[in-house]
Amino acid sequence: MRVLVIEDDPNLNRQLGSALDSAGYVVESAVDGEHGHFLGETADFDAVILDLGLPAMSGIDVLRKWRAAGRAMPVLILTARDLWSDKVAGIDAGADDYLAKPFHMAELLARVRALIRRSAGRADPVLVSGAIRFDTRSGTVLCGDAPVILTTFEQRLLQFLMHRTGQIVPRSEIIEHIYAQDFDRDSNTVEVFIRRLRLKLGADAIETVRGQGYRMPHGDSGGRDGARQAERGAIGHD
Ligand code: CA
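Presented here is an overview of the structure given in this document. These numbers come from a predicted model, not from an experiment.

1. Re the coordination of the calcium ion
By definition of the ideal shapes, a tetrahedral metal site with four donors has angles of 109.5 degrees and an octahedral site with six donors has angles of 90 or 180 degrees.
Phase 1: Surrounding the calcium ion are the protein donor atoms Asp8 (OD), Asp51 (OD) and Gly53 (O), which sit 2.2 to 2.3 Å from the metal.
Phase 2: In the primary structure, the donors to the calcium ion are separated according to the pattern D-x42-D-x1-G.

Structural data, given as structure tokens:
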């Protein structure tokens, strides 16, 4: 999941970046409206955190321009405390949610999770595919009743696939959403991570759709191998 942070206060920008990074998101950040607008226009993000008071272009203008250009990603605006008119202007400009400064980082993370869930059309914070359950609040993964330990990257990939359970997810979209921009996108690491996830979750947990991408099935066929594997204690730590 990729999140764009546009905040001109360098300390807050850094804090947001590190909290989101620790929560498993790929974070891109900008400290002015123009650069932020450019990033949001040219790359796909699963959510955006947008401060309204920004140099070069205001947050409201950034948001209006995106929406006018058909950019539909969920946007959480950060407003100054007590400026109710900012909230109204932000929501009118197309914001999906707002948070007044100062805020608690835990609340911001909860709102980002909710935004991503809602935009994926799911209200439940637990993603399910067959016997696999991914709790987006805690990042824990269960295969049957057995906990599965995943690396940050494996977790990112699994979460992205499970937000779209039942749908084919093209490889190019996976690369776009789980790697930071400077990543070498020619490498075949997606296949490597898919293989590792199958080892931990079961061979049928993730289907390969030839020439199109990957899919996690709705039904309960996926993941049973993994449950058995986890029961035997073969939980990976790499
Ligand atoms: Ca500001």
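So that's the structure; there's more coming.
2. Comments concerning the environment of Phe134
Phase 1: Considering the arrangement of structural elements, one finds Phe134 in strand β7 (residues 132-135).
Phase 2: Here Phe134 falls in the buried class, since its relative accessible area comes to 1%.
Phase 3: Separated by 24 residues in the primary sequence, Phe134 and Leu158 place their C-alpha atoms 8.4 Å from one another.
Phase 4: In this structure, Phe134 is in contact with Pro125, Val126, Leu127, Gly139, Thr140, Val141, Gln155, Leu158, Gln159 and Met162, ignoring residues within four places of it in sequence.

3. A look at helix α7 (residues 171-178)
Phase 1: For α7, the full list of buried residues reads Ile174, Ile175, Glu176, His177 and Ile178.
Phase 2: Contact partners of the buried residues in α7: β1 (2-6), β2 (26-30), α6 (152-162), α8 (189-201) and β11 (213-215).

4. Concerning the layout of surface pockets
Phase 1: Its boundaries defined by the atoms lining it, the largest pocket holds a volume of some 220 Å³.
Phase 2: In this structure, the largest pocket is lined by 15 residues; those nearest its centre are Asp46, Ser119, Ala120, Phe160 and Arg164.
Phase 3: Counting only elements with at least two residues in the lining of the largest pocket, the list comes to α5 (105-119) and α7.
Phase 4: Residues of the lining of the largest pocket, tallied by class, amount to 8 nonpolar, 4 polar and 3 charged.

5. A word on the nonpolar core
Phase 1: Core analysis: the biggest nonpolar cluster contains 44 residues, and Ile49, Leu108, Val112, Leu158, Leu161 and Ile174 have the highest contact counts within it.
Phase 2: Here this core spans two domains, and each of domain 1 (2-119) and domain 2 (126-230) adds at least three residues to it.
Phase 3: Leaving out residues up to four positions away in the same chain, Leu108 has contacts with Leu16, Ile49, Leu76, Leu78, Leu99 and Phe103.
Phase 4: Ranked by size, the runner-up nonpolar core spans 20 residues in total, among them Leu52, Leu54, Met57 and Ala93.

Cut-offs applied
Residues numbered from 1 in each chain as written. Predicted model: local features only at pLDDT ≥ 70, side-chain atom pairs only at ≥ 80, totals over all residues. Heavy atoms only, no water. Donors = N, O, S within 2.8 Å, 3.2 Å for Na, K, Ca; no water. Helix = DSSP H or I, 4+ residues; strand = E, 2+ residues; numbered from the N terminus. Buried < 20%, exposed > 50% of the residue type's maximum accessible area, 1.4 Å probe, protein only. Contact = heavy atoms within 4.5 Å. 1 Å grid on protein atoms, 1.4 Å probe; cavity = no way out; pocket = protein on both sides within 12 Å on 5 of 7 lines; lining within 4 Å. Points joined across faces, edges and corners; volume = space filled by probe spheres on them. Nonpolar A, V, L, I, M, F, W, Y, C, P; charged D, E, K, R; others polar. Core = buried A, V, L, I, M, F, W, Y, C linked by side-chain atoms within 4.5 Å. Domains from an automatic or database assignment.

So, to be careful, I would describe these as geometric facts and stop short of saying anything about function.
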